[in-house]
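# Coordinate analysis (summary)
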Amino acid sequence: KQEVTQIPAALSVPEGENLVLNCSFTDSAIYNLQWFRQDPGKGLTSLLLIQSSQREQTSGRLNASLDKSSGRSTLYIAASQPGDSATYLCAVRTGAAGNKLTFGGGTRVLVKP
Amino acid sequence: DTAVSQTPKYLVTQMGNDKSIKCEQNLGHDTMYWYKQDSKKFLKIMFSYNNKELIINETVPNRFSPKSPDKAHLNLHINSLELGDSAVYFCASRKIGGDYGYTFGSGTRLTVV
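My aim in this report is to walk through the structure given alongside it, one point at a time. (Residues numbered from 1 in each chain as written. Chains lettered and ligands numbered in written order. Predicted model: local features only at pLDDT ≥ 70, side-chain atom pairs only at ≥ 80, totals over all residues. Heavy atoms only, no water.)

## Some points on the pattern of salt bridges
Residues and elements named next belong to chain B. This is how it is decided: The term salt bridge refers to a side-chain nitrogen of Lys or Arg lying within 4 Å of a carboxyl oxygen of Asp or Glu. Strands are runs of DSSP state E lasting at least two residues, helices are runs of H or I lasting at least four, and both sets are numbered from the N terminus onward. For every residue, the accessible area obtained with a 1.4 Å probe (protein chains only) is divided by the maximum for its type, and the residue is called buried under 20%, exposed over 50%, and partly exposed between those limits.
On inspection of all chains with the given rule, the structure shows 5 salt bridges over all chains. A salt bridge links Asp-30 to Lys-71; the shortest N-O distance between them is 3.4 Å. Taken as a pair, Asp-30 in the loop between β3 (19–25) and β4 (31–37) and Lys-71 in the loop between β7 (64–70) and β8 (73–78) lie far apart in primary sequence, 41 residues in all. What makes Asp-30 buried here is its relative accessible area of 12%. Given a relative accessible area of 36%, Lys-71 falls into the partly exposed group.

## Some words on the state of the cysteines
Basically, it comes down to this: In plain terms, two cysteine sulfur atoms within 2.5 Å form what is called a disulfide here.
Per the stated rule, a full pass over the model turns up 2 disulfides over all chains. Across the disulfide from Cys-23 of chain A sits Cys-90 of chain A; the S-S distance is 1.9 Å. Of note, the bridge from Cys-23 of chain A to Cys-90 of chain A carries an S-S torsion of about -45° and is left-handed in sense. Linking Cys-23 of chain A in strand β3 (residues 19–25) with Cys-90 of chain A in strand β9 (residues 86–94), this pair joins segments that are 67 residues apart in sequence. The residue that forms a disulfide with Cys-23 of chain B is Cys-91 of chain B, at a sulfur-sulfur distance of 1.9 Å. Across the S-S bond of Cys-23 of chain B and Cys-91 of chain B the torsion is about -80°, and the bridge reads as left-handed. With Cys-23 of chain B in strand β3 and Cys-91 of chain B in strand β9 (residues 87–94), this pair connects stretches of sequence that are 68 residues apart. With respect to class, Cys-23 of chain B is no different from Cys-91 of chain B; both count as buried.

None of the figures reported here should be taken as evidence of function without further support.
What follows is the structure, given as structure tokens:
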């Protein structure tokens, strides 16, 4: 059974500092890994999608790495801004019947101005 | 706008009532899902439909019945609502046949009183 863990559960940094969010998963047989952002009371916004054959994906200040063999992904957010404050969720897609996403518990980020 | 849309956004109801949540996607995706986010913010899959066919049915009480009239719609009907059903329910969709990511709706916050 796939289990996804995100550490730390919460993170508070001053504006301008780089953010490092960690995600680990127990079963390396994944199709891809997706990072989402969730603002309080809102839905999920997809940030980055990394295929199992890829090592990293970049979008603007965001960079996500994937080490499938060790079951780890890291989301880097450069030069954090107060607007980056949100909960960041990592999810892996496995190939069991139906292909489902298994989510981690999220990292709640607060960027202080 | 191309999106996954859910209605209603908020739903407050008494124990024992029956209620429905609707979901529609205009992305041309083949597979639709219902996820539940509990008070601890964990997201767990409930159901998955692929072209109107039920693919995934996690250990969800029989009081929950999904219905997919066509591949663009996936509704969730809940009978005899209980306090523990209070949560945020997210609909999602995905295009199959490739390594595509998931698109989520903005969620329906269900409160049972």
